[in-house]
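# Breakdown of the fold
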Amino acid sequence: MDKQNEVLLNTFVISKKKYRVFYNAGVLVWEAENSKKGEKTTVPIGDIISATLSTTASGRSSSKANAHNIATTYGTTSSTHAPMNETMDYDRIPVLPTSSSTTTNATINTMTTTTTNLSNRVNSYDILNSEYEDDNYGVSSATNANYLIIHYARLVSPRTSKWRVQQLSLYNGEQRIVKFWHSRLSDDIREQARPKNLLLFLNPYGGKQNAFALFEKYAKPLFHLAHVDINLIITQRAQQIYDIMTSQTINLSNYDGVVCCGGDGTFAELFNGLVYRTMIDLGMDINCPPYLPKPSLPIGIIPAGSTDTVAYCLNGTTDIKTSIIHIILGQSSGLDISSVYRNGSGENDGRQPQLLKLYASVMSYGFLGDVTMDSENYRWMGPKRYDYSGVKKFLRNRGYNVDVKVQIEKEEIDGGRRDKNNPHDGVRCLENCQRCQLAATKDHSNATDCDTVEEVSVRGKFLMVNGANISCACHRSPQGFNPNCHLGDGYLDLIFVRHTSLFNNIRLLLAMSSKTKEISDLPFVEIYRTKQFTFNSHGQGHVNGVNVVNDEDQTASSAATTATNSPKVNGTETPKQVAHDKKLFSRWNCDGEILLDTNVTVICNCQLINVFRRGVSCRDSTCKDNEANVLNCCGLCK
């Protein structure tokens, strides 16, 4: 009988009660023998992290059971689910004594990088066929193991999208049965497409500067539990991740994925370095590539920054344990990445325009750009510097004159044309998103597959202009810029916030911080869904990396002359006001970094990278954990 059709069915003792436990077609099920309600617990093999043999129900040997508080360390085992204790999560499990732990120094541009190899693997064959016994790990020799310890991941809070590791202890008096179950589960776990070797970059200076402590407390023990080898690189300066990735000092073929522990800026460094490294390996010109190649390695993020917008949008939470569990389980999906090109470069000589930057979350001109610029002067304040700079720029309430050309896709409907993609359609990007799955199967070699593409010009004075790949939701802004923005549909949402009164700006802030309101409901906010837009700031600011703003007198004189020989702007502004407005310019905030070039073209690249994630589950109360409802919700739940 083949393994797919083979059914394992035995009686085990769980918390002093007899349970019928069976395993078939990758699904583990257990139910109490005397249960009248027929309650069952089901766990797919894709959610099982590890299966080990032990002489005790706690997973530790009896010599250590008295030395440690098992209930505190592993969580109670008195219930069927045996949930993990929230405050612990295996932070007392050390690296295996048989593993290799070496430290080397790699020099990149005279900067030292600490590299640590953490090997967490134990071969199940060696465990079963040797007298290996480690008190801390909880694996006993095969001659006296009557307990099968199963650790699995479970969504414990659909409302907050939090996952936790839970423990199941199965006892059977016949050791032959226990070993057979262990061998079968271990084999099926190994057949899962999960990472076994990861390259992990840790930024110890981001956010509250506690990334290393978080890694030691949560990531290292969980990776150890799943037998994942980690090559840890602790960075010492900005852009070091990018430099290491593009210097080809690391053989990426040795790894199953690349992970970063830090904030949004650390993640931006990582995927920029990975994409550029892919172009280098293919022999492309990284300044003017003919196209952007898709890296073969998936990327993971362990949130340890001040905002962690990307992690929040990917997983529905910034909970660090949830992110680590998703990386361990190995499921991945595509994430749109937008590329920023310099306007005017390569257009006349037939070359491709110059590539400046790649970003995953948002590129913002105006208010957010001003905040990022000003906050650099107050780095000593830590994350509070953004609040301080934000209040300053908010009260100043500056606006900027810009001209943006947006490409809008149209389709023929009943003899007329309408926008093909409505940014206000109310469809959220949730787990098993049909829109993103459909985009992954399309051929993106052509610019568009719609009937018509129209170029719409948006001009005026704006508080800020945002090109968002994701909703940019976070704890401070639960809805983000647009909660209907999708992660992998090949489109970005272009959000315009017109310059208005301070009172309306307060309305904007209240809507941004609300769990129910959306900023698109405000009359001075416009949203367009597009694949490409071109931005022009009327020649003010940095163009092609050069500051072109004249001194104040020359600017005022030129603006006054222009205003005298032309109609008044909006019929109201005086030459002096025009001069004042034209000499103002902002910078681009590109994934938290300052981009000096002002006039740019932005193109969305559909699912350019793969990221470790499960997706955000449906939070509608009517679903009530009904799997069919969750999978077929189609994102209509608010």
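Residues numbered from 1 in each chain as written. Predicted model: local features only at pLDDT ≥ 70, side-chain atom pairs only at ≥ 80, totals over all residues. Heavy atoms only, no water.

Labelled according to an unreviewed UniProt entry, the protein appears under the name Ceramide kinase, originating from Culex quinquefasciatus.

## Concerning a nonpolar patch on the surface
Among the surface-exposed residues, Val391, Leu395, Leu502, Ile506 and Leu510 lie close enough to one another that they form a single nonpolar patch of about 460 Å² accessible area. Elements represented by at least two residues in the nonpolar patch include exactly helix 11 (384-396) and helix 13 (502-512). No other element matches the 3 residues that helix 13 contributes to the nonpolar patch. With respect to the element layout, Leu502 can be found in helix 13. (Patch = residues over 30% accessible without salt bridge, like charges linked within 9 Å, V, L, I, M, F, W, Y side chains within 5 Å. Areas by Shrake-Rupley, 256 points an atom, 1.4 Å probe, with all protein chains shown as cover. Salt bridge = Lys/Arg side-chain N within 4 Å of Asp/Glu carboxyl O. Helix = DSSP H or I, 4+ residues; strand = E, 2+ residues; numbered from the N terminus.)

## Section: the environment of Ser157
Structurally, Ser157 can be placed in strand 8 (residues 147-157). Separated by 460 residues in sequence, Ser157 and Ser617 place their C-alpha atoms 9.9 Å apart. In terms of polar contacts, Ser157 uses its side chain to reach the side chain of Thr160, at 2.6 Å. (Polar contact = N/O pair within 3.5 Å; in protein donor to acceptor, adjacent residues only side chain to side chain.)

## Overview of the packing of helix 10 (residues 367-375) against helix 11
Helix 11 packs onto helix 10 with a crossing angle of 125 degrees between their chain directions and a minimal axis gap of 9 Å. Taken together, helix 10 and helix 11 sit at an angle that is classed as oblique. The element helix 10 and its partner helix 11 pack so that their crossing is right-handed. In contact with Phe367, Asp370, Val371, Asp374 and Ser375 of helix 10, helix 11 contributes Arg385, Tyr386, Ser389, Gly390, Lys392, Lys393 and Phe394. Along the lines of polarity and charge, the residues of the contact of helix 10 with helix 11 split into 4 nonpolar, 3 polar and 5 charged. (Axes fitted to C-alpha atoms, helices over the stretch in contact; angles between N-to-C directions. Parallel < 35°, antiparallel > 145°, perpendicular 65-115°, else oblique. Left-handed = near helix turned anticlockwise from the far one by under 90°. Contact = heavy atoms within 4.5 Å. Nonpolar A, V, L, I, M, F, W, Y, C, P; charged D, E, K, R; others polar.)

## Some points on the pairing of strand 19 (residues 452-468)
Bridge count between strand 16 (residues 362-366) and strand 19: 5 bridges; the pairing is antiparallel. For Tyr365, the partnering residue across the bridge sits in strand 19 and is Val465. Inspection of the sheet shows strand 17 (residues 400-413) paired to strand 19 by 11 bridges, in the antiparallel sense. Bridge pairing in strand 19 places Asn401 opposite Lys461. (Pairing = 2+ DSSP bridges.)

## Some points on the nonpolar core
Ranked by internal contacts, the top residues of the largest apolar core, which has 63 residues, are Phe267, Leu335, Leu508 and Ile609. The element that contributes the greatest number of residues to this core is helix 7 (residues 264-281), accounting for 8 residues. In this structure, this core is formed jointly by two domains, domain 2 (194-330) and domain 3 (335-540 + 583-631), each of which donates at least three residues. With near-sequence residues (within four places) excluded, Leu508 lies in contact with Leu463, Met464, Val497, Ile519, Leu522, Phe524 and Val525. Within the second largest apolar cluster, 32 residues are counted, among which are Leu198, Phe223, Val259 and Ile328. (Core = buried A, V, L, I, M, F, W, Y, C linked by side-chain atoms within 4.5 Å. Buried < 20%, exposed > 50% of the residue type's maximum accessible area, 1.4 Å probe, protein only. Domains from an automatic or database assignment.)

## Remarks on the pairing of strand 11 (residues 229-234)
Side-chain direction in a regular strand flips from residue to residue, so the side chains alternate between the two faces of the sheet. Counting buried positions along strand 11 gives 6 out of 6 residues, so the element sits mostly inside the fold. Across the two faces of strand 11 the burial is the same, with Asp229, Asn231 and Ile233 and Ile230, Leu232 and Ile234 all buried. Across 6 bridges, strand 10 (residues 197-202) lies against strand 11 in parallel orientation. When the bridges of strand 11 are listed, Asn197 appears paired with Asp229. The handedness of the strand 10 to strand 11 crossover, carried by helix 5 (residues 211-225), is right-handed. (Right-handed = clockwise from strand over helix to strand, strands pointing away.)

## Focus on the confidence of the model for the protein
Residue-level pLDDT values for the protein average 78, and 73% of them are 70 or greater. Between residues 122-142, whose pLDDT stays under 50, and residues either more than four places distant or in other chains, the model counts 53 contacts. Taken as a whole, residues 539-582 scores under 50 in pLDDT and shows 50 contacts with residues more than four places along the chain or in a different chain. (pLDDT = per-residue confidence, 0-100.)

## Notes on the packing of helix 5 against helix 9 (residues 320-329)
Remark: helix 5 packs on helix 9, axes separated minimally by 10 Å, with the N-to-C direction vectors making an angle of 30 degrees. With respect to helix 9, the axis of helix 5 lies roughly parallel. In this structure, the crossing between helix 5 and helix 9 has a hand that is right-handed. Seen from helix 5, the contacting residues are Leu214, Tyr218, Ala219, Leu222 and Phe223; seen from helix 9, they are Ile320, Lys321, Ile324, Ile327 and Ile328. Residues of the contact of helix 5 with helix 9, tallied by class, amount to 9 nonpolar, no polar and 1 charged.

## A closer look at the state of the cysteines
Each disulfide consists of one covalent bond between the sulfur atoms belonging to two cysteines. Applying the stated rule across the entire model yields 0 disulfides. Cys313 takes part in no disulfide bond, and the closest cysteine sulfur, belonging to Cys472, lies 6.0 Å away. According to the relative accessible area criterion, Cys313 is buried, its value standing at 10%. (Disulfide = S-S within 2.5 Å.)

## Quick look at the pattern of salt bridges
This structure, assessed with the given rule, holds 20 salt bridges. When the shortest N-O distance is used, the salt bridge between Arg20 and Glu31 registers 3.3 Å. Within this pair, whereas Arg20 is found in strand 2 (residues 17-24), its partner Glu31 is found in strand 3 (residues 27-32), the two being separated by 11 residues in sequence. The exposure class of Arg20 is partly exposed, given its relative accessible area of 30%. A relative accessible area of 12% means that Glu31 is categorised as buried.

## Some remarks on the packing of aromatic side chains
Throughout the structure, instances matching the rule amount to 11 aromatic pairs. Measuring from ring centre to ring centre gives 5.2 Å for Phe462 and Phe496, while their planes differ by 45 degrees; the resulting arrangement is tilted. Of this pair, Phe462 sits in strand 19 while Phe496 sits in strand 20 (residues 492-498), placing them 34 residues apart in sequence. Given a relative accessible area of 1%, Phe462 falls into the buried group. The rings of Tyr365, Tyr400, Phe535 and Trp588 are connected pair by pair, giving a single aromatic cluster. (Phe/Tyr/Trp six-rings, centres within 6.5 Å; stacked < 30°, edge-to-face > 60°.)

## A look at the environment of Ile286
Along the chain, Ile286 turns up in the loop between helix 7 and strand 13 (299-303). For Ile286, a relative accessible area of 25% corresponds to the partly exposed category. Expressed as a C-alpha distance, the spacing of Ile286 and Leu356, which sit 70 residues apart in the sequence, is 9.6 Å. The residues touching Ile286, leaving out its near neighbours within four places in the chain, are Tyr276, Met279, Ile280 and Leu355.

## Observations regarding helix 5
Its 15 residues give helix 5 an end-to-end C-alpha distance of 20 Å, which sits within 8% of 21 Å, the value for a rise of 1.5 Å per residue. Of all the bends found along helix 5, the most pronounced is centred on Ala219 and spans about 35 degrees, while Pro221, a proline, follows it within four residues. Buried residues of helix 5: Ala211, Leu214, Phe215, Tyr218, Ala219, Pro221, Leu222, Phe223, His224 and Leu225, and no others. The first or second residue beyond helix 5 is His227, which carries a positive phi of 60 degrees. (Expected span 1.5 Å × (residues − 1). Bend = angle between axes of the 7 residues up to and from the residue.)

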